[in-house]
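Listed below are the residues making up each chain.
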Amino acid sequence: MAQRPLDVLHKSLDSPVLVGLKGGREYRGTLKGYDMHMNVVLQNADEIKDGTPVRRLGLVIIRGDNVVFISP
Amino acid sequence: MAQRPLDVLHKSLDSPVLVGLKGGREYRGTLKGYDMHMNVVLQNADEIKDGTPVRRLGLVIIRGDNVVFISP
Amino acid sequence: MAQRPLDVLHKSLDSPVLVGLKGGREYRGTLKGYDMHMNVVLQNADEIKDGTPVRRLGLVIIRGDNVVFISP
Amino acid sequence: MAQRPLDVLHKSLDSPVLVGLKGGREYRGTLKGYDMHMNVVLQNADEIKDGTPVRRLGLVIIRGDNVVFISP
Amino acid sequence: MAQRPLDVLHKSLDSPVLVGLKGGREYRGTLKGYDMHMNVVLQNADEIKDGTPVRRLGLVIIRGDNVVFISP
Amino acid sequence: MAQRPLDVLHKSLDSPVLVGLKGGREYRGTLKGYDMHMNVVLQNADEIKDGTPVRRLGLVIIRGDNVVFISP
Amino acid sequence: MAQRPLDVLHKSLDSPVLVGLKGGREYRGTLKGYDMHMNVVLQNADEIKDGTPVRRLGLVIIRGDNVVFISP
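Below: a short report on this structure. Just so it is clear, the model here is predicted, and its values are computed rather than measured.

The next point concerns the overall build of chain A. When helices and strands are counted, chain A shows one helix and five strands. Counting helices and strands in the order they occur from the N terminus, chain A gives α-β-β-β-β-β. Relative to a compact globule of 72 residues, whose C-alpha radius of gyration would be 11 Å, chain A shows 12 Å and is just as compact. Going through the 72 residues of chain A one by one, you find that 57% of them count as buried. Residue pairs in contact within chain A that sit at least 24 positions apart in sequence constitute 35% of those at least 6 positions apart. A total of about 3,100 Å² of accessible surface is found on chain A, and carbon and sulfur atoms cover 51% of it.

Given below as structure tokens:
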């Protein structure tokens, strides 16, 4: 049976996720929340460039409009 | 008779698909879910550059907004 | 009398079409379906660059959001 | 009195128009149809680059989303 | 009191306006019409580059989606 | 208590504002109007590049879609 | 339990936040307001480039459409 994208997101709550954005930036952190626009809340988030953490953002709200993929 | 795009997507559930995104990135994996915005869920997904897998993402939710094509 | 764009698309079902996308990529194939967002389904689709087929995709769903033109 | 943009388009039916797209591509052809999204249907359409026809497309549906201007 | 943007546009009917688009193109002409999406109709319109008219378009419908500013 | 963005805009009516657009262009002028899409009307507006006025536009309607920030 | 993105934003009222925009510009300031589009109001805002304040904007309304992330 088909899994709805937002259900998959829901199952990833409190787990680490990788969020890829338009333009190539990525963020890694613990998924603490989301909404139907795929706006997401990450805790202990790091900004990642070429696989390497380049900045610690801690708590961060990412606007769904920029999201390319979310990988649990 | 005309085939509706989402019906074609539905028939591809649990089958391998290639997903092409804006900017040229592609993902290959097993289609596990989708919704009406063409958000899709892939399992065992690889990121592809110039035809070669460059990164294993495993489970991944791709936001429909970025999708250019999906090829079963 | 005015011809509605989607009616022209409808008349092209089961016929070869050329689909031009943002960024210049083009796809040629047999139009098997479409919806009101101009999402289209092509069969036996080839990706075209500078007039030359560069990749065979076979069955492909193209998201209307990326479509610039469709030429029957 | 103000002329509504779609009324001006309507009056151009069966007449030659120049359609300018985002990114600079232009198409010239006979306007055969349109809808409220400014999707248009051109007949005997040529793709124009720097004022010169570079490709004959014949019948073409152009997605309004890409249209910058239409000049009757 | 606040002036609504579309009211200001309405007062400019039959007057010359400069329309600036995304990407830097500009059009100068007589405003003959508009709608709520800021689609506009210009008469005797010239395309302007770096302050110089580079092409006469005459009557032109400009899609609001591309408009950055309109200056009466 | 939270201040709503449009209320802050409303309080800036008849005062000078700096409007930053996508792509880096900025406009400075007296805010004479706005609507819920953040379309704004500026009076005595100057186009600004790198902090320097490069063109006087006078009265100008700026489409909200292009606005990055408005600073009273 | 899931935290909704706008609730996290609400809890950051009157606290310093970092706002990252499309194209890489960032703003740091005290969050004074927001709405459901993620339009935000910052007080004592600085524009940041490569981690360094390059311009003081003071009070600023940022259009949600441009927001990539907000980090409390």
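We now examine the interface of chain A and chain G. If you look at the interface, chain A gives 20 residues, while chain G gives 22 residues. Each partner contributes to the roughly 1,700 Å² buried at the junction of chain A and chain G, and carbon and sulfur atoms together form 57% of this total. The salt bridge involving G:Lys22 is made with A:Asp65; its shortest N-O contact spans 2.9 Å. For the interface between chain A and chain G, the tally reads ten residue pairs in polar contact (both at pLDDT 80 or more). Mapped by element, the contributors of at least two residues to the side of chain A that touches chain G are strand E2 (26–34), strand E3 (40–49) and strand E4 (52–62) of chain A. Sort the elements by how many residues they give to the side of chain A that touches chain G and E4(A) lands first, with six residues. Split into classes, the residues belonging to the side of chain A that touches chain G amount to eleven nonpolar, three polar and six charged.

A rotation about an axis combined with a shift along that same axis relates the two copies of the chain. Of the transformation superimposing chain A on chain G, the axial component is 0.0 Å and the angular component is 51°, with the fit at an RMSD of 0.0 Å. Taken together, the interface assignments show that only 10% of the residues at the interface of chain A recur at the interface of chain G, consistent with different surfaces on the two copies.

As a further point, take the pairing of strand E1 (residues 16–21) of chain D. Residue and element names in this part refer to chain D. Counted residue by residue, E1 has five buried out of six residues, so it is predominantly covered. Taken together, the five bridges between E1 and strand E2 (residues 26–34) define a ladder with antiparallel strand orientation. From the neighbouring strand, Val19 faces E2, where its bridge partner is Tyr27. Here E1 folds back onto E2 in antiparallel fashion, the turn holding four residues, of which Gly23 has a positive phi close to 90°. Two elements, E1 and strand E5 (residues 67–71), share four bridges in a ladder whose sense is antiparallel. Residue pairing in the sheet places Gly20 in a bridge with Phe69 of E5.

Moving on: unusual backbone geometry. Of note in the backbone geometry, C:Asn44 takes a positive phi value of approximately 55° without being a glycine. Inspection of the secondary structure assignment puts C:Asn44 in strand E3 (residues 40–49). For C:Asn44, a relative accessible area of 44% gives the class partly exposed. Here G:Asp50, not a glycine, exhibits a phi torsion of approximately 50°, which is positive. Following the sequence through the fold, G:Asp50 ends up in the loop between strand E3 (40–49) and strand E4 (52–62). G:Asp50 sits in the exposed class, given a relative accessible area of 84%.

Enumeration according to the criterion identifies 55 salt bridges over all chains in this entry. With its nearest N and O atoms 3.5 Å apart, the salt bridge here joins C:Arg63 to C:Asp65. Through salt bridges with shared partners, one network takes in A:Glu26, B:Glu47, B:Lys49 and B:Arg55.

With that settled, consider the interface of chain F and chain G. Each side of the interface is counted separately: chain F has 22 residues, and chain G has 20 residues. Taken together, the two surfaces of chain F and chain G that pack against each other cover about 1,700 Å², and 57% of this comes from carbon and sulfur. Counting the surface chain F buries against chain G, the share from its top three residues, F:Pro5, F:Val68 and F:Phe69, is 30%. Taken together, the connections running from chain F to chain G amount to two salt bridges. A salt bridge links F:Glu26 to G:Arg55, with the shortest nitrogen-to-oxygen separation between them at 2.6 Å. Put simply, the parts of the chain that give the side of chain F that touches chain G at least two residues each are helix H1 (5–11), strand E1 (16–21) and strand E5 (67–71) of chain F. It is E5(F) that provides the largest number of residues to the side of chain F that touches chain G, a total of five residues. Of the residues assigned to the side of chain F that touches chain G, the class counts are 13 nonpolar, five polar and four charged. By the bridge criterion, two bridges tie E5(F) to E4(G) in an arrangement that is antiparallel. Bridge pairing in E4(G) links F:Phe69 to G:Ile62.

Attention now moves to the relation of the copies chain F and chain G. Rotating chain F by 51° and moving it 0.0 Å along the rotation axis overlays it on chain G with an RMSD of 0.0 Å. Both copies present different contact surfaces, since only 9% of the interface residues of chain F are interface residues in chain G too.

It is worth spelling out the side chain of E:Glu47 at this point. All names here are of chain E. Tracing the backbone shows Glu47 in strand E3 (residues 40–49). Residue class for Glu47 comes out buried when judged on its relative accessible area of 3%. Within the structure, the side chain of Glu47 is placed 3.2 Å from the side chain of Tyr27, a separation counted as a polar contact. Setting aside its immediate chain neighbours within four residues, Glu47 contacts Arg25, Glu26, Tyr27, Thr52, Pro53, Val54, Arg55 and Leu57.

Our focus in this paragraph is the environment of G:Arg4. All names here are of chain G. Along the polypeptide, Arg4 turns up in the segment before helix H1 (5–11). With a relative accessible area of 53%, Arg4 lands in the exposed category. Residues Arg4 and Arg63, 59 residues apart in the sequence, show an inter-C-alpha distance of 20 Å.

Turning to the environment of A:Val41, a few remarks are in order. Among the secondary structure elements, A:Val41 is positioned in strand E3. Under the relative-accessibility criterion, A:Val41 is labelled buried at 0%. Put simply, A:Val41 and A:Arg55 are 14 residues apart on the chain and 17 Å apart in space, counted from C-alpha to C-alpha. With residues near it in sequence (within four places) discarded, A:Val41 still touches A:Thr30, A:Leu31, A:Lys32, A:Gly33, A:Leu59, A:Val60, A:Ile61, G:Gln3, G:Arg4, G:Pro5 and G:Val8.

Basis of the calculations
Residues numbered from 1 in each chain as written. Chains lettered and ligands numbered in written order. Predicted model: local features only at pLDDT ≥ 70, side-chain atom pairs only at ≥ 80, totals over all residues. Heavy atoms only, no water. Helix = DSSP H or I, 4+ residues; strand = E, 2+ residues; numbered from the N terminus. Rg over C-alpha atoms; globule rule 2.2 N^0.38 Å. Buried < 20%, exposed > 50% of the residue type's maximum accessible area, 1.4 Å probe, protein only. Contact = heavy atoms within 4.5 Å. Areas by Shrake-Rupley, 256 points an atom, 1.4 Å probe, with all protein chains shown as cover. Buried area = accessible area lost by both parts, 1.4 Å probe. Salt bridge = Lys/Arg side-chain N within 4 Å of Asp/Glu carboxyl O. Polar contact = N/O pair within 3.5 Å; in protein donor to acceptor, adjacent residues only side chain to side chain. Nonpolar A, V, L, I, M, F, W, Y, C, P; charged D, E, K, R; others polar. Least-squares fit on C-alpha atoms with pLDDT ≥ 70 in both. Pairing = 2+ DSSP bridges.

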